[in-house]
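# Structural features, examined
Residue-level listing of the chains:
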Amino acid sequence: MARNLMLRWAKAPFYFNSAAHLTRIGNQRATTLGEFAQAREKVPEDAIFQHTFQTLQEHHYIREGFSNDFAHWTFASCNEIELAERLSSVDVREYTSIKSLRDRVFGIVSEYLNRNERARERAAFEPFYFCASDTIVIPTPWVARNLAEFTDALRKVSIHSIHYHFINARLRLKLNTNDFSLWLENDLELGALADRINRIDIYTSTLNDVRNQILKIVENAA
Amino acid sequence: MPEKDKKVTPPAPSEPIRGVKASVETDSMIERRNTEPATPPVRERRKYKVSETPPPPAPPPKLNDYASIIGQPEIDEIRYIARLLRGKTVKMVNSTAVGGGVAEILNRLIPLMQELEVQTKWEVITGGNDFFEVTKGFHNALHGGDYHPTKEIFDIFLMYNEQNRQRMEFVEDIFVIHDPQPAALIRSKERNRGKWIWRCHIDLSNPHREVWNFLKPFIEQYDATIFSSPAFTRQLSVPQYLFYPSIDPLSEKNKDLDESYVQKVCDDFGIDRSRPVITQISRFDRLKDPVGVIQAYKLAKKYVDCQLVLAGGGASDDPEGAVVLAEVMNEAGDDPDVIILNLPPWSALEINALQRASTIVIQKSLKEGFGLTVTEALWKRKTVIAGAVGGIPTQVIHKLTGVLVHSVEGCAYQIRYLLTHPDFAAQLGRHGHEHSKENFLLTSNVKRWLILYQQMLGLNKPVKVT
């Protein structure tokens, strides 16, 4: 039975890709929270992506205390602990567009500054430098036509591939899911397995942990 | 008399040894010391001799040699990105073939690019002493130093750039010009089809206005610029990319060492590894605050047992370095647990061993570029305490990959805390290693260069992620 599940053919194969990034430094910077709030409409979408989705990959090995660059800056450079906590709680998995993510981040900052007017002009220890990410997609040789091939490939791909399929996929798909779960559900009709994988917590797991948890979930199901 | 008010009086070589101090000296240094006034005034416990001249360089590693470090998938991705660039030609230009960080980076980068069949040629500009005096002045001025440029100074800069421009051929697909010295080579842009990139390795956050205003029109003719930190940039009309400086994990300074070699180096220098070892590796330069490090050590030592190793160079060939070393010796006093090492520039293996033998690595700089000694320590999984200046906060994320400090007292407290909380200290070290692996290795930069080349040549188009 288990062997049958691992070898069941998918309706369509899963092609593993990876991604590489180049960071562009923008000309915008904020030396106070007030300046940061004013940047709301000027900051390009790929900057919001860089400081939320992309920074998760750059700091993928930290399980505690790092969520996004905005939260880190308000904590480390502005010493606004409450604001940092609230920004830390922004979970990129809940956003399928950068616009809604931008609204959430700057909404939290605006609301905080309305209640803490003096924080608006207080100079930050270090400015916030808005950067942006240029992403290119890299095909890999790994293709999965069943769960056995899927787990084999998952062991071999880089963490950048896992980030691309498991985290960045939400923006591409415009769905609250990821490439792996979507394939399991649509092409292998394994909805429950797809759900379990989609519930893996990326904020308390490193990308290697994510890899291991997916493998464990699939192998246990089989 | 308060300790800080004591006059710095370096001991003569014949003075009895008071503390536990070791020095590293070459034959010529020993000979010079016997015939000249003692400079630097290092009291030595033993003479740990190293080679008079640098050892011949080891052959550069191949890309696959890095697979055990970054994983085969990463290597495959680099090869895939390079595939589209096979046969493309790149010319890198800087101002020195040996010595200095840029030459060190190019020596490791170019063989890997050649292996990937991206034909990369490295040329060095030439100039008279007057040119290099001007560019040294520019360098200091761009770091915010005092400078009084004249028309003659600017003319010297332009004349040598023009001479080099006439001498060189510009037939490649991409030109990468490193730092301000050759920046005016951009005048050849109109004559060729290639793309031009300016790689700035220095901190331009607070430049001398006149010098920057002179250089800026050249810089803005480039197709792209690269900086080592967002904090080092200026407002420019051309794209600015972020390339962190990088270390080579297979170089002598960073490669894995046999435990027996680490022990031998410690034995030679008189370091007791059964007790905590705190180390700062830096030139004897006031901006590295070695005296502040000793003061922090003294404050911490009231509560925790430890030894302090201050290892660096610059005291033999730099008069100011010798003065700073004397100040350091004075501050250390007779404490046998302060070990001061004035090392020659080719001591990479010894420095590697000292870093690996350390319980904590300090970089208590008051001003810093990117701070590659911090990167080296992070790579070796060391707990790092560092000043929150320059590029250090990019590497040391406070309480995640190390700790940042702003004062002697803060540094002392962190020494005490980390020596008494080894689990937390070890976690910082693990995170620091991963941080350096992800962001600050040579292989990460190879990938960045390849992506940038592709973009410059229109061979890829970034995907829209939003």
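Everything below is about the structure shown above.
Notes on the structure in this doc start here. (Residues numbered from 1 in each chain as written. Chains lettered and ligands numbered in written order. Predicted model: local features only at pLDDT ≥ 70, side-chain atom pairs only at ≥ 80, totals over all residues. Heavy atoms only, no water.)

## Points about the overall build of chain A
Secondary structure assignment for chain A yields 12 helices and two strands. The helix and strand sequence of chain A, counted from the amino end, reads α-β-α-α-α-α-α-β-α-α-α-α-α-α. Oriented by its inertia axes, the alpha-carbon framework of chain A measures out at about 65 × 30 × 25 Å. Out of the 222 residues in chain A, the part that is buried amounts to 57%. Counting only contacts in chain A whose residues sit at least 6 apart along the sequence, the fraction spanning at least 24 positions is 76%. Per element, the accessible surface of chain A, about 9300 Å² overall, is 49% carbon and sulfur. (Helix = DSSP H or I, 4+ residues; strand = E, 2+ residues; numbered from the N terminus. Buried < 20%, exposed > 50% of the residue type's maximum accessible area, 1.4 Å probe, protein only. Contact = heavy atoms within 4.5 Å. Areas by Shrake-Rupley, 256 points an atom, 1.4 Å probe, with all protein chains shown as cover.)

## Regarding the packing of aromatic side chains
All names here are of chain B. Enumeration according to the criterion identifies 40 aromatic pairs over all chains in this entry. Ring centres of Phe170 and Phe175 lie 5.6 Å apart, and the angle between their planes is 70°; on these two criteria the pair is classed as edge-to-face. The positively charged end of Arg416 is found above the aromatic ring belonging to Tyr303, 4.1 Å away from the centroid. (Phe/Tyr/Trp six-rings, centres within 6.5 Å; stacked < 30°, edge-to-face > 60°. Lys NZ or Arg CZ within 6 Å of the ring centre and 35° of its normal.)

## Observations regarding empty space enclosed by the protein
Any empty space left between atoms is shown by rolling a water-sized probe over those atoms. Residue and element names in this part refer to chain B. One pass over the full model with this rule turns up four cavities of 30 Å³ or more. The volume enclosed by the largest cavity comes to roughly 100 Å³. Partitioning the lining of the largest cavity into residue classes produces seven nonpolar, four polar and no charged. Approximately 80 Å³ is the volume found for the second largest cavity. The wall of the second largest cavity is formed by 13 residues, among which Ile105, Arg199, His201, Asn445 and Trp449 lie closest to the centre. Those elements that place two or more of their residues in the lining of the second largest cavity are helix H4 (101-115) and helix H16 (442-456). In terms of residue class, the lining of the second largest cavity is built from eight nonpolar, four polar and one charged. (1 Å grid on protein atoms, 1.4 Å probe; cavity = no way out; pocket = protein on both sides within 12 Å on 5 of 7 lines; lining within 4 Å. Points joined across faces, edges and corners; volume = space filled by probe spheres on them. Nonpolar A, V, L, I, M, F, W, Y, C, P; charged D, E, K, R; others polar.)

## Observations regarding unusual backbone geometry
Residue and element names in this part refer to chain A. The backbone of Asn79 shows a phi angle near 55°, a positive value even though the residue is not glycine. With respect to the helices, strands and loops of the structure, Asn79 is situated in the loop between helix H4 (69-76) and helix H5 (81-88). Its relative accessible area of 57% is what places Asn79 among the exposed residues. The phi dihedral of Lys174 is positive, around 60°, even though this residue is not glycine. Of note, Lys174 is situated in the loop between helix H9 (169-173) and helix H10 (179-187). The class of Lys174 is partly exposed, set by a relative accessible area of 39%.

## Observations regarding the sheet that holds strand E8 (residues 240-242) of chain B
The mixed open sheet is built from eight strands, whose spatial order is E2(A)-E1(A)-E8(B)-E7(B)-E6(B)-E5(B)-E3(B)-E4(B). One side of each edge strand has no neighbouring strand; the edge strands of this open sheet are strand E2 (123-144) of chain A together with strand E4 (119-124) of chain B. Each neighbouring strand pair of the sheet contributes to a mean axis angle of 25°, computed without reference to strand direction. In the sheet, strand E5 (residues 174-178) of chain B pairs with strand E6 (residues 195-199) of chain B via five bridges, with the strands oriented parallel. (Pairing = 2+ DSSP bridges. Axes fitted to C-alpha atoms, helices over the stretch in contact; angles between N-to-C directions.)

## Some words on the pattern of salt bridges
All names here are of chain B. For the coordinates displayed, the defined rule picks out 42 salt bridges over all chains. Between Arg275 and Asp337 there is a salt bridge, and its shortest N-O distance comes to 2.6 Å. Taken as a pair, Arg275 in the loop between helix H8 (259-269) and strand E9 (277-281) and Asp337 in the loop between helix H10 (319-332) and strand E11 (338-342) lie far apart in primary sequence, 62 residues in all. By sharing partners, the salt bridges in this structure join Asp272, Arg275, Lys301, Asp305 and Asp337 into a single network. (Salt bridge = Lys/Arg side-chain N within 4 Å of Asp/Glu carboxyl O.)

## A look at the side chain of Asn178 of chain A
Residue and element names in this part refer to chain A. Following the sequence through the fold, Asn178 ends up in the loop between H9 and H10. Among the polar contacts made by the side chain of Asn178, one reaches the side chain of Asn198 at a distance of 3.0 Å. Those residues in contact with Asn178 that lie beyond four places of it in its chain are His165, Phe166, Ala169, Arg170, Leu173, Ile197 and Asn198. (Polar contact = N/O pair within 3.5 Å; in protein donor to acceptor, adjacent residues only side chain to side chain.)

## A closer look at the interface of chain B and chain A
The partner chain A presents 40 residues to the 40 residues of chain B that form the contact. Across the chain B to chain A interface the summed buried area is about 3500 Å²; carbon plus sulfur atoms make up 63%. In this structure, the connection of chain B to chain A is made through zero salt bridges. The interface formed by chain B and chain A contains 10 residue pairs in polar contact (both at pLDDT 80 or more). Taken together, the elements giving at least two residues each to the side of chain B that touches chain A come down to helix H3 (72-83), E8, helix H15 (422-439) and H16 of chain B. Class assignment of the residues belonging to the side of chain B that touches chain A gives a composition of 18 nonpolar, 14 polar and eight charged. By the bridge criterion, three bridges tie strand E1 (residues 14-32) of chain A to E8 of chain B in an arrangement that is antiparallel. Bridged to Thr23 of chain A within E8 of chain B is Leu242 of chain B. (Buried area = accessible area lost by both parts, 1.4 Å probe.)

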